[in-house]
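Descriptive analysis of the structure
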Amino acid sequence: MPRTIRDVVFVDGVRTPFGKAGPKGIYHETRADDLVVKAIRELLRRNPDLDPARIDEVAIAATTQIGDQGLTLGRTAGILAGLPQSVPGYSIDRMCAGALTAVTSTAGSIAFGAYDVVVAGGVEHMGRHPMGEGVDPNPRFVSEKLVDESALFMGMTAENLHDRYPQITKVRADEYAVRSQEKAAKAYANGKIQQDLVPISVRRTAAADGGSTAGSAGETGWGLVTADEPMRPGTTLESLAGLKTPFRAHGRVTAGNAAGLNDGATASLLAAEDVARELGLPVKMRLVSYAFAGVEPEVMGYGPIPSTEKALAKAGLTIDDIGLFEINEAFAVQVLAFLDHYGIADDDARVNQYGGAIAYGHPLASSGVRLMTQLARQFEEQPEVRYGLTTMCVGFGMGATVVWENPNFDGGNK
């Protein structure tokens, strides 16, 4: 019996403020699963007309699925968030594109008719679980020269991408990073980010407050986190110029033109459009197409280029049809390579209007939904824009792209 493919919509998205990983970070004493639970509960609070029993699946991504990020996180987080035990859940890993893949995987099931409403998101507590913790890469990768050893170190892959695009100099990457910080500060000043943040209660320690101890001996009480910790407003080209290049002597990648090591969680609600309308849920974006692509692992930052080409082709669109871009800023060079490929200026007003991961942080598996939440907010403000996309590079040589349609489109120029 033939099936009708249903339209899938992005109903809502939230995230925790992002923190710096490590003993001095705001989430040093906070569990990873508690972060994603807070995000799920906030989705339910913001959408009171949704009966939690109508949720058909909880898909939560984490790159390092051990400890408080293990145990089939989608299922355990759903129970901890107070969802009915009848609501199933599962975990996903596609490294940086984990939450994005949680969205696309469940969206495909919605389109097919298996689900009506889902929760999809991700979490990464890089302070508790550094990327690669407990991993044992097969020695064949290097011994048989399947990949260059640099593929295992994301910063080295960014340096390799600089080699491939010699016109992308360190100065140009630093200039891009300064703009990201400026745009993020402006977005905060204009109240564009706070609307989708979940305040998080945290236990503060002397280490987190700049001291040298952590744990009960250094405990200084509780605090409420309401803003992203990694942001560095006031960053200047001069302040970035002298930073070390840790991945290569006289290199181009620094802590200033790359995302840091971060902690944080995201969650989103997706639904079939007819179900969303029936339940009175908001329709913030309509999914048009998505695609993933593999590239040489040594230049994983190149990945968004072929994944975007595939996603646009599936949608019957060209890059000129895209009125807004949310590109994850794992490294400035990765964004600049994408822009160069498509002939887009470094400071094009359509790109990362609120700033990106260089300012906010990049807690790996959670970041895809941050991109979507920011794009949804821009769609709401700009009804003249019809199409936007969210895209990111993925560790070990992949790219991921989702094309979205603005349901508020008023027939404008795009």
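None of these values were measured; they are calculated from a predicted model. (Residues numbered from 1 in each chain as written. Predicted model: local features only at pLDDT ≥ 70, side-chain atom pairs only at ≥ 80, totals over all residues. Heavy atoms only, no water.)

1. What to know about the overall build of the protein
Applicable threshold: Helix numbering and strand numbering both begin at the N terminus, where a helix is a DSSP run of H or I of at least 4 residues and a strand a DSSP run of E of at least 2. Within these notes, the globule rule equals 2.2 Å times the number of residues to the 0.38 power, and the radius of gyration is based on C-alpha atoms. Between buried and exposed lies partly exposed: a residue is buried under 20% and exposed over 50% of the maximum accessible area for its type, with that area taken using a 1.4 Å probe on protein chains only. The protein chains shown are the only cover counted for residues, whose accessible areas, like all others here, come from Shrake-Rupley with a 1.4 Å probe. Lys and Arg are tallied as positive, Asp and Glu as negative. Neither His nor the chain termini are counted. Lys charges are placed at NZ, Arg charges at CZ, Asp charges at CG and Glu charges at CD.
Counting its regular elements, the protein contains twelve helices and twelve strands. On C-alpha atoms alone, the protein measures out to a radius of gyration of 20 Å, which is about the 22 Å that the 2.2 N^0.38 rule sets for 414 residues. Taken along the three principal axes of its C-alpha coordinates, the protein extends 60 × 55 × 50 Å. Here the protein holds 414 residues, and 58% of them are scored as buried. Accessible surface, the protein: about 16100 Å² in total, of which carbon and sulfur atoms supply 52%. Here the protein carries 39 positive and 50 negative side-chain charges, and the mean point of each set is 1 Å from the other.

2. Some thoughts on the packing of aromatic side chains
Rules: When the centres of two rings from Phe, Tyr and Trp lie within 6.5 Å, Trp using its six-membered ring, the rings pair. Their planes under 30 degrees apart give stacked, over 60 give edge-to-face, and anything left gives tilted. Whether a charge sits over a ring depends on NZ of Lys or CZ of Arg being within 6 Å of the ring centre and within 35 degrees of the ring normal.
Scanning all chains against the criterion turns up six aromatic pairs. Ring geometry for Phe325 and Phe338: centres 6.2 Å apart, planes at 70°, overall edge-to-face. Here Phe325, found in strand β10 (residues 322-327), pairs with Phe338, found in helix α10 (residues 332-342); they are 13 residues apart in sequence, far enough to count as distant. Here the two residues Phe325 and Phe338 agree in accessibility, since each one is buried. Among the aromatic residues, those joined into a ring-pair cluster are Phe325, Phe338 and Tyr342. One cation-aromatic arrangement involves Arg15 over Phe18; the distance from NZ or CZ to the ring centre is 4.5 Å. Here the basic side chain of Arg94 rests over the ring of Phe292, its NZ or CZ set 3.7 Å away from the ring centre.

3. Thoughts on the UniProt feature "active site" (unreviewed entry) in the protein
Going by this rule: UniProt positions are given in the numbering used here, feature names are shortened, and annotations may be inferred rather than shown by experiment. Contact between two residues is taken to exist if any of their heavy atoms lie within 4.5 Å; hydrogens are not considered.
Mapped onto the present numbering, the UniProt feature "active site" (unreviewed entry) falls on Cys96, His362 and Cys393. A maximum C-alpha distance of 11.9 Å is found for the annotated residues, which run over 298 residues; spatially they form one tight group. With respect to the secondary-structure elements, Cys96 resides in the loop between β4 (89-92) and α3 (98-112). The residues contacting Cys96, other than those within four sequence positions of it, are Thr63, His362, Leu364, Ala365, Met392, Cys393, Val394 and Gly395. Relative to the helices and strands, His362 is located in the loop between α11 (357-360) and α12 (367-381). Once you skip the residues sitting within four places of it in the chain, His362 turns out to touch Cys96, Met126, Ala259, Gly260, Asn262, Asn328, Ala330, Ala357, Ser367 and Met392.

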